[in-house]
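Structural characterization, general
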Amino acid sequence: QVQFVESGGGLVQPGGSLRLSCAVSGIIFSTYAMNWYRQAPGKQRELVAAISSGGNTNYADSAKGRFTISRDNAKNTVYLQMNSLKPEDTAVYYCNARLLFVTYWGQGTQVTVSS
């Protein structure tokens with residue numbers, strides 16, 4: 001059974017930082033591409049950042065220069081370091097694991113950027 005434990009969300013002021021973590025069990029973590037998505041109220045879920053099994057990274061334009069995705073295969077964990085947060089970053093952030101046509105989703109963690 002695949003299980004996700006997401007943490008690190010919360011309330012932060014504009015300009016602040018948060019670090020999201022997603023620990024995954026039940027898969028061979030190192031073989032999966034890992035992604036962070038987010039969904040704001042009334043909007044579609046969107047890809048924020050991705051890291052391949054080999055460590056290559058990609059970012060949405062809105063995240064470039066502010067967010068950093070990383071992974072620790074020894075801990076079966078993927079991270080999203082978010083700096084210079086803006087109110088428009090407010091959303092539920094979801095961890096996603098993907099290998100070919102197999103996809104698993106975490107339960108999501110709320111990030112609220114507000115003064």
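Preceding this paragraph is the structure being described.
Residues numbered from 1 in each chain as written. Predicted model: local features only at pLDDT ≥ 70, side-chain atom pairs only at ≥ 80, totals over all residues. Heavy atoms only, no water.

A word on the packing of aromatic side chains. Ring pairs (aromatic) are described by centroid distance and by the angle formed between their planes. Using the criterion set out here, one finds three aromatic pairs in the structure. A ring pair is formed by Tyr94 and Trp105, whose centres lie 6.4 Å apart and whose planes are at 85°; its orientation type is edge-to-face. Of the two residues, Tyr94 sits in strand β9 (residues 91–99) while Trp105 sits in strand β10 (residues 102–105), which places them eleven residues apart along the sequence. The partly exposed category is assigned to Trp105, whose relative accessible area is 36%. Put simply, the rings of Tyr37, Tyr94 and Trp105 pair up and form one aromatic cluster. (Phe/Tyr/Trp six-rings, centres within 6.5 Å; stacked < 30°, edge-to-face > 60°. Helix = DSSP H or I, 4+ residues; strand = E, 2+ residues; numbered from the N terminus. Buried < 20%, exposed > 50% of the residue type's maximum accessible area, 1.4 Å probe, protein only.)

Under the definition given, this model contains four salt bridges. In this structure, the salt-bridge partner of Asp61 is Lys64, at a minimum N-O distance of 3.2 Å. Residue Asp61 is classed as exposed on the basis of its relative accessible area of 64%. For Asp89, the salt bridge is made with Arg66, and the minimal N-O distance between the two is 2.7 Å. With a gap of 23 residues between them, Asp89 in the loop between β8 (77–82) and β9 and Arg66 in the loop between β6 (57–59) and β7 (67–72) connect regions that are remote in the sequence. The class for Asp89 is buried, based on a relative accessible area of 1%. One continuous salt-bridge network, built from bridges that share partners, spans Arg38, Glu46, Arg66 and Asp89. (Salt bridge = Lys/Arg side-chain N within 4 Å of Asp/Glu carboxyl O.)

Positive phi values are uncommon outside glycine, yet Asn76 reaches one of about 55°. Structurally, Asn76 is set in the loop between β7 and β8. Judged by relative accessible area, Asn76 falls into the partly exposed class, the value being 26%. The phi torsion at Leu100 lies on the positive side, around 55°, for a residue other than glycine. Here Leu100 is to be found in the loop between β9 and β10. Its relative accessible area of 74% is what places Leu100 among the exposed residues.

Another aspect to go through is the sheet that holds β8. Spatial ordering of the open sheet is given by β1-β3-β8-β7, a layout of four strands whose pairing is antiparallel. At either margin of the open sheet sits one strand with a lone partner, and together these are β1 (3–7) and β7. Averaged over neighbouring strand pairs, the angle between their axes works out to 15° when direction is ignored. Taken together, the five bridges between β1 and strand β3 (residues 18–25) define a ladder with antiparallel strand orientation. In the sheet register, Gln3 faces β3, and the bridge partner there is Ser25. (Pairing = 2+ DSSP bridges. Axes fitted to C-alpha atoms, helices over the stretch in contact; angles between N-to-C directions.)

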